[in-house]
Amino acid sequence: MKNNSYIKVDNVSKWYPVKTGFGLKKEEKQYVKAVDGVSLEIEKGEILGVIGESGCGKSTLGRILVRLEEPTAGDVYIDNISSSKLIKQDAKSFRRLVQIIFQNPYDSFTPRDTIEKILTRPLNIHSIGNSAEERRKICLEALEFGGLHPAEDIMQRYPHELSGGQLQRISILRAMSVNPKFIIADEPVSMLDVSVRADIINMLLQLSREKDASIIFISHDIALTRYISNRVAVMYLGRIVEYGDSDEIIKNPQHPYTQALISNCASIDPDELVEKINIEGEPSTPINPGPGCYFAPRCPKRVEECLRKYPDTCDVGNGHLVACSRLG
Amino acid sequence: MSKYIGKRVVAGIFTIIIAFTLNFIIINLAPGDPIKTLMGKETDDQQLRAALEKKYGLDKPLPVQYVNYLKTAMKGDLGTSIIYNKPVSKMIAEKLPATILLVLTAGILSLIIGTTMGIVAARKEGTIIDTIFSGFSYILNSMPSFWLGLMLIIIFSSKLKILPTYGMTNPRASLTGKAYVMDVIKHMILPVGTLILVEIPAYFRIAKSSVLQVTNEDFILTLKAAGMDEKKMFNKYIFKNAILPTITIFGISMAYLITGVALIEIVFAWPGTGRLVLTAINQRDYPTLMGMYLIMSISIAIVMIIVDIVYAMLDPRIRY
Amino acid sequence: MTNVKKGFNRFKHAFLDSRQLRFGIYGTILLLFIVIFAPLIAPENPYNFGPDILNGLGENGHLLGTNKMGQDIFSMLIYGTRTSLKVALISALISGLLGILIGGAAGYFGGKVDQVVSEIINIFMMLPTFFLILLIIALFGNTLPNVMIVIGITTWPSNAKLMRAQALSLRERTFVKAAVAMGETDRQILFKYIIPNGIFPVIANTTMGMSNAILTEASLSFLGLGDPNAISWGHMIYEGKPYITSAWWITTFAGLAIVLTVTIFYLLGDGINYTLNPKHINQRGE
Amino acid sequence: MEPILDLKDFSVTYINKYKKVYAVKNVDFEIYKGDSLGIVGESGSGKSTLAMGVLRLLPEDGAQISGTANFSGVDLTKLSEEEMKKIRWKELSVIFQKSMNSLSPVHKIGTHIEDIYRIHKPNATKEEIKDRFFYLLDLVNLSNRVYNLYPHELSGGMLQRVSIAISLIHDPKLLIMDEATTALDVVTQGQILDEISRMEEELDMTRIMITHDMSVVATSCNKVAIVYAGELMELGYVKNVLKNPLHPYTKGLVSSFPSLKGDREKIKSISGFLPDLSKRVKGCIFAPRCSNAIDICYNKKPEKIKMEDGRTICCHLYGGENK
Amino acid sequence: GNESNNESENKATEGNIEGEKVIVVRATGDPMTFNPDSIPDDYAYPIVQNIFNRLVKLDASKQIIPDLATEWEVSEDGKTVTFHLRDDAKWHDGEKVTSEDVKYTFDTIKENENYYMSSRLGIVNSIETPDDYTVVFNMNESDVSFIADLGWYGTFILPKHVFDNGQSWEENPASKEPIGSGPFKFKEFNQGESITLVANPDYHEGAPKLDKIIYSIIPDDTTAVEALLNGDIDVYEGIPAASVDELEASDYIRLVLNEYPSPMRIIFNLNEEILQDINVRRAIATAIDREEISQKVFNGIQKPEYNMYPSIMEWATNSEQTAPKFNIEEAIKILEDAGYKKDKDGYYVRGLTIDVFEDGGYPDAAKLMEATLAKAGIELIVQVHEFNAWNEKVTIQRDFMIELQGGFMGPDPAALYKRLGTGEYSNVGNYSNKKFDELCTKGVATGVQEERAKYYKEAQAILAEDLPYIPIVTYAAYDANNDKFINLPIDGEGKWGWSEYTFTDIK
Ligand SMILES: Nc1ncnc2c1ncn2[C@@H]1O[C@H](COP(=O)(O)OP(=O)(O)OP(=O)(O)O)[C@@H](O)[C@H]1O
Ligand SMILES: Nc1ncnc2c1ncn2[C@@H]1O[C@H](COP(=O)(O)OP(=O)(O)OP(=O)(O)O)[C@@H](O)[C@H]1O
Ligand SMILES: [Mg+2]
Ligand SMILES: [Mg+2]
Ligand code: NI
């Protein structure tokens, strides 16, 4: 790993205190460790895929990266400047630098404004374009660029008058309109139909290539993640368990969880079916996990050590990092 | 939870103290004072006024009065009524049962009736029944309570002659035991009825909207698909989900009505705290007013906490 | 100007779609008509204390009779629309505005702000309204605008509670988070996202509060607040009280006017709510 | 062999004051015992409506059903609500799209179970119910403690499993799963699909699986029906349809899935979006988005054509003169 | 008709002990205390009259009649007043009522500044008790109206042996459960509900005919009217004008008109420059249509009043020199003659305000005045207040131009001086006229009625000239009762006290 990456996520954690039950007796304070000591590095123009089961903290990580949420510990550095410092000094320029595309396009826009209003807002906020007329033109161009025809008509519509795919595209266009250098795409296609999601994916790819933006692509669709990203991080209960080149991770998974994940990931080609690796037990909760490897209770390959201590991360070559005791 | 309650209680005490102070200031700064009542309408003897002001300490500066009053209040003593020369706590204690009887009966009944109407209207949304119930609730909502009360008196006491006109008991008879209870019940019917009619719209509205909302929840579909009959589904599942918001209304109206039933208590000559407050207002009986408003503040604060606790008990999702 | 046209079409569709809105609009037009043309509609000047005392319906040409002062009830009703409507609308506006702003801020900012505001709401519920009013008269004089202000500032807590609940849930919505990420300031989020999307339950509540405002106006004038010469429905109801058995028409018609007006506003509010609700503009699935 | 469910000319139209929505149009298919049929289509294409239509759970005055739906020889469309109640859940069970919200938040899981169990077996004892439910919980890999928990105390995946257990409580002959696994991560999803397949063998169950994820169909179904805008486009064995899609729409769908381990081919999308279902179209409903559309596609509805490999297809490209 | 009559009769006896005679009287509110001498309590007043006695009392027409004192004489110089007490009066606990009790009562009041009559007793130098049944008041100056005042508020004779125990009257338990010498004994008080009195069989005027009086508290007038019609109560004093017709129509309700020397009047603040002009005051007085006010606001029950002292006090009132009659043209003429010019809105005088409180039809009356004054080119702005706020504004701060008020002007015309004498505290308008003051001083210095009448009529002539206030209507109200009762207080002119039920009986 290079040390001077554009984006550096340094040991970031987010613990939510758990509201205790309705007992009148005092209980010990518990935490949901949504994100627990995550470190990542992303280059300019790179797309990093983050995969993991639902509830493993992917969105929380995303929200921390755009500072919608304060991390409990750790910090994010953009171009070697701490983002907590950045946002304190100049919130506006930080917002311009970092953008997020949300999971749910249907809820990403205020239902009472037209698309025109929605799209010109960020331009207004960041004083892009000199006049209302000019901003309008920028929006029209953006819509055309996003393949939303006829742009004039779309601008006059309200969010509920558009399909999910169109909304998601607008969501991306809105994020792009301020020319961010770092974009978090939180499951941008999970709510969309297969027939339109290719458009979105291709749009993101174009974005990273043309504007040299760094993108974090959060998803639980592994095939799609591999398709779009250069590198992939696999998360389990708030921690990264495996990290590396995307083809490497998909074709040669080392962590038992990644292995299970990929084996369960069906292809539509009935011939491509592989032997599924089953994970036993209930899905675990992120409330005070540990002390050993978080995956250990469900791991088909666990050894005694797994239950005792959280494993250190080790490099199995080519920047392919794995956190598993058996490999350490 | 206990920590949460503790925090709420502390906040509540602060709130009460602030409200108490504001009450003191507002009540004392507002024009008028109890001396006029003591002197009688017919005289304006300045000498008498000065003597009375001195006697009740009203000649002192307001901050001094406040500190003095606070001192006695801290000891749990609400002071003595200037007008009736009677301990305020005793006067309130005498009147509170009558009001609580009225308010609680009416509160519970209107909760039941209003909610039932709301539920029925929601289940038959868009039908004649819904329209009738909603119209009824609009009309009740726009009706002054004294007018309603008088109407009921005219109909049931004057025209039909089946119910007593006023009061809590028959003044001519000194009844005891069961006969007394029956007498009180007979006297309660009209004021309780009026209060119920006044309170129905609030419960109706909240019940109707929350039932409509719950009926559209996804889990209802599951139960329907499972073949559960409407009645059971309603009684057990929709009801428990929809009833939650009414609890807030119920709690707050209980707290408010301790003084808020004044108009109805006047129309029906019901000897309760609402009238006590209104009389105290007219006479500017400062200690009684402070006492009553303090009691009301405390009940509002308590009700707020209780509502939250009850909510948490009924709704397993809420945790503190 | 496709914008205007589209807006108009939307309105036309909604108008046809929602019976409530239709009746609400007809009713409002009727009320406005009465307010503007009161002198033309009213057969008499209601400030004129005529010689016909306590006439019944239709007696001496008084459609709805007269009161003890010899004023024509029908004319009073017509003129009363002006005062009552003004009081209802403006006090509702004040109460709604305060409730929306304070409740919205409490819900959106949450945490300490919320706690403090909630306690302030509680304090307001604990204050002695009567003395507050007397104090306001003593300090600011007794005028009709003060009546409206008093009603407004004594009724906002319920609106604030509603708005707070709305804001609490809205601030978790994605579009609010998106706005934050976009760089919107807190103030703009409150005014552009939270309030417009959470305002409807408050509007419904405020409509129901209007009838109370109309009645309260009358009781306040007995405390010396307001213009004793202003003719209002609330006044008619209170003044007719001793005549409930002997001259029922004094209170009854004023009461009906209130019911009717509140119903109109309720329909209007409901209709607007229905119309602006995205789910109803277009009957889409999701 | 008798089909367990046989739809003929099945249509559902939503009717409200100002318009009609033709959500399901003239659908025919049959399912035999032991089959597992995947229904695939875009959002809003009428999949849920079809399921609800069969179950007769559509709003009474808001929807109109025509055609027949023979379930074990009974036409469901003709049954009264009472008769339908007897069949639902006992013989014909369903798991809904939003299992997150499919249980009342203020009642315990156990309460739901008891009440639902007693609908068809009113005299069942608590023990009996518990026995049955614990057996099912075991099947879906959940511990018994779930019985005493509230829905919000379970994670989405657990709730989904609970929903599945509840739907199986009366041993139904036919199970309809409406996007039952869409919200889950792949591991959980894979697990559940496995359990389901195992149970199918154990319980001798037939299944309809509604989804828009083709990979789910690929792994867990033997037949697939592709629907578009309420109409059936292609229906056949999974191995044929997905391997060798014929209908242009199916082709489009298949090509928008990236391969997991193969080459990174550029994925393609189908341009345009779902037509307005409140308008009746003269020709093929897919024609406006179809890159292979010819004149006739815009003017005439295609016939349903049976192919040799057992699939049904509805496209002019394969009908009549073009064959 | 008859049916309802039976109905109400049934109600009146239902639930009673067989044959017990009970009367239920409507009370408006709770008495503040049962010590009748500490504060003037309108709610307690009608009740304590039946428990206690005074030296003298007022009858239904507000004339002075004997009570404990059978006769009294005033010395030549008017400085000594001697009362001869009856010797058969007994306290409810059996003790005799003696002159010691009288002395104790007045001495105590005089000593305590905060008791109502205290300052009035300032003119009493000392009280002597030559024997058990004679009381002598030695006065500092001569004031015959003092005797009449003894029949008014705050002068009930209290039992020394009960009260004189070191406790103040407020703290004394006897102020809560009074022991008096009157026709009825206190039985119980349920706050907010009722006060019950039972007959005192040993009453010196003979045992009362009724066994029990129940004062039932009904705050709302309309409810009380219904209660009377329904037979739930038997007596309702001072019914609202609006209900007169309805009650008259009922054939078992008897209405009797009861008049009081408490006219409704407007008072000018003579510190206000514009009102210092007698022409303005006269124009206003001329432009008020008392007839209309009487008819519309008071249903014709409270009659127009022009005399400067209440016309029901026949011996003292001056019906020759009165306030001007209603005449708009005349009013305009007065103003024009005085040089006032019409402004563009047609007003000669602008910006006058009238402060009224919300009760007794005052705001309505003010509105009618506003309307007629406007016709005469005088702008009057009505300001309505809550009573206490009004009181503070008008009587304490004296911050008003014109105010509307009522209030007792009896029992003796000496009240004229209290209300209008230079520097008197009830003279809120700050009227001052030496001649008037002089005449009033003469009026109280003699006990001869004809002479007094002359002085007071002359004083009224001055008032009619100066118009510091304008009488509008008399004060009168109907007392209503169930007609199965006879000898109600209202029937006892010259025979028994006002509000006293000693002789009341069921037909
Ligand atoms: N505000 C919050 N308070 C408490 N717990 C939270 C909060 N937000 C998230 N969590 C918890 O943190 C964990 C991680 O949530 P997160 O939304 O980041 O997961 P995710 O990986 O994005 O899941 P999905 O794939 O379903 O979107 C979950 O267990 C969630 O319940
Ligand atoms: N109650 C209704 N009234 C009118 N139209 C409706 C109604 N419910 C659904 N529709 C319409 O019917 C069509 C089919 O809806 P349906 O829910 O069956 O789609 P679906 O295929 O299940 O979609 P998804 O994948 O999003 O669940 C949609 O266009 C929808 O807008
Ligand atoms: Mg997420
Ligand atoms: Mg669906
Ligand atoms: Ni429509």
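The structure under discussion appears in the preceding block.
Presented here is an overview of the structure given in this document. Note that the structure is a prediction, hence the values are computed from the model and not measured.

1. Things to note about the packing of aromatic side chains
- Inspection of the entire model under this criterion finds 48 aromatic pairs over all chains.
- Note on F24 of chain B and Y69 of chain B: the rings are 6.2 Å apart at their centroids and 20° apart in plane angle, and the pair reads as stacked. Placement of the pair is F24 of chain B in helix α1 (residues 2-29) and Y69 of chain B in helix α4 (residues 62-74), with a sequence separation of 45 residues. By the burial criterion, F24 of chain B is buried, and Y69 of chain B matches it.
- Among the aromatic residues, ring-to-ring pairing joins Y45, F52, Y116, W152, Y153, F156, Y260, F408, Y475 and W498 of chain E into one connected group.

2. Topic: the interface of chain C and chain B
- Listed per partner, the contact involves 31 residues of chain C and 35 residues of chain B.
- For the pair chain C and chain B, the summed buried surface comes to about 3,200 Å²; carbon and sulfur atoms form 76% of the total.
- Area buried by chain C at its contact with chain B is led by M125, M126 and F131 of chain C, which between them contribute 24% of it.
- Our enumeration of links across chain C and chain B arrives at zero salt bridges.
- For the pair chain C and chain B, the number of links is three residue pairs in polar contact (both at pLDDT 80 or more).
- Put simply, the parts of the chain that give the side of chain C that touches chain B at least two residues each are α4 (111-126), α5 (129-140), α9 (200-221), α10 (233-239) and α11 (249-276) of chain C.
- A per-element tally of the side of chain C that touches chain B places α11 of chain C first, with seven residues.
- Taken together, the residues that form the side of chain C that touches chain B break down as 20 nonpolar, eight polar and three charged.

3. Considerations on the sheet that holds strand β4 (residues 69-74) of chain E
All names here are of chain E.
- The four strands lie next to each other as β4-β5-β7-β6, forming an open sheet whose pairing is antiparallel. Strands at the two margins of the open sheet, each flanked by one partner only, are β4 and β6 (124-131). For this sheet, the mean inter-axis angle between neighbouring strands, taken without regard to orientation, is 20°.
- Pairing between β6 and strand β7 (residues 134-139): five bridges, direction antiparallel. The partner of D131 across the bridge, within β7, is T134.
- Contacts from helix α3 (residues 99-111) reach β5 (80-85), β6 and β7, with the element oriented near 165° to β6.

4. Quick word on the site of ligand 2
- Around ligand 2, a shell composed of 17 residues is seen, among which S43, G44, S48, T49 and Q97 of chain D lie nearest.
- Around ligand 2, the neighbouring residues derive from chains C and D rather than from a single chain.
- Taking Y14 of chain D, its side chain carries an N or O atom lying 3.4 Å from a nitrogen atom of ligand 2.
- A distance of 3.2 Å separates an oxygen atom of ligand 2 from a polar atom in the backbone of S45 of chain D.
- Within the complex, the protein chains bury 79% of what would otherwise be the 630 Å² of accessible surface of ligand 2.
- For the shell around ligand 2, the secondary-structure elements that each account for two or more residues are β2 (20-31) and α1 (47-55) of chain D.
- Of the residues forming the shell around ligand 2, the biggest block, three residues, is contributed by α1 of chain D.

5. Quick look at the site of ligand 1
Residue and element names in this part refer to chain A.
- Taken together, 14 residues are adjacent to ligand 1, and G55, G57, K58, S59 and T60 come closest.
- Contact distances for ligand 1 include 3.2 Å between an oxygen atom and a backbone N or O atom of C56.
- With respect to ligand 1, the backbone of G57 contributes an N or O atom lying 3.0 Å from an oxygen atom.
- Look at ligand 1: alone it shows 640 Å² of surface, and the protein chains cover 66% of it.
- For the shell around ligand 1, the elements supplying multiple residues, two or more each, are β2 (31-42) and α1 (58-65).
- Element by element, the count of residues in the shell around ligand 1 is highest for α1, at four residues.
- The residue inventory of the shell around ligand 1, partitioned by class, reads five nonpolar, six polar and three charged.

Quick notes on the rules
- Positions within a chain are numbered from 1, following the residues in the order the chain's sequence is written.
- Each chain is given a letter, starting from A, and each ligand a number, starting from 1, according to the order in which they appear as written.
- Per-residue local features are limited, in this predicted model, to residues with pLDDT of at least 70; the limit for side-chain atom pairs, both in listing and counting, is 80 or more; totals at the level of whole chains, interfaces and linings are taken over all residues.
- Note that water and hydrogens are dropped before the side-chain values are worked out from all heavy atoms of the structure.
- Two rings belonging to Phe, Tyr or Trp (six-membered ring only in the last case) form a pair when the distance between their centres is within 6.5 Å. Interplanar angles under 30 degrees mark stacking, angles over 60 mark edge-to-face geometry, and anything in between is tilted.
- Numbering goes from the N terminus for both helices and strands, where a helix is a DSSP run of H or I of at least four residues and a strand is a run of E of at least two.
- Note on exposure labels: buried denotes an accessible area under 20% of the residue type's maximum, exposed denotes more than 50%, and partly exposed covers the range between, all computed with a 1.4 Å probe on protein chains only.
- Only heavy atoms matter for contacts: two residues are in contact if any of them lie within 4.5 Å across the pair.
- Accessible area that two parts lose when put together, evaluated with a 1.4 Å probe and summed over both, is termed the buried area.
- What makes a salt bridge here is a side-chain nitrogen of Lys or Arg within 4 Å of a carboxyl oxygen of Asp or Glu, nothing more.
- Side-chain atoms alone can form a polar contact between residues adjacent in sequence; in general such a contact is a pair of N or O atoms within 3.5 Å, and within protein one must be able to donate a hydrogen while the other accepts it.
- Three classes are used: nonpolar for Ala, Val, Leu, Ile, Met, Phe, Trp, Tyr, Cys and Pro, charged for Asp, Glu, Lys and Arg, and polar for all others, with Gly counted as polar.
- A pair of strands is considered paired only if DSSP assigns at least 2 bridges between the two.
- Axis definition: a line fitted to C-alpha atoms, limited for helices to the stretch in contact. Angles are taken between N-to-C directions and run from 0 to 180 degrees.
- The criterion for a residue being near a molecule or strand is simple. One of its heavy atoms has to lie within 4 Å of it.
- In short, Shrake-Rupley with a 1.4 Å probe defines the accessible areas, and a residue's cover is counted only from the protein chains shown.

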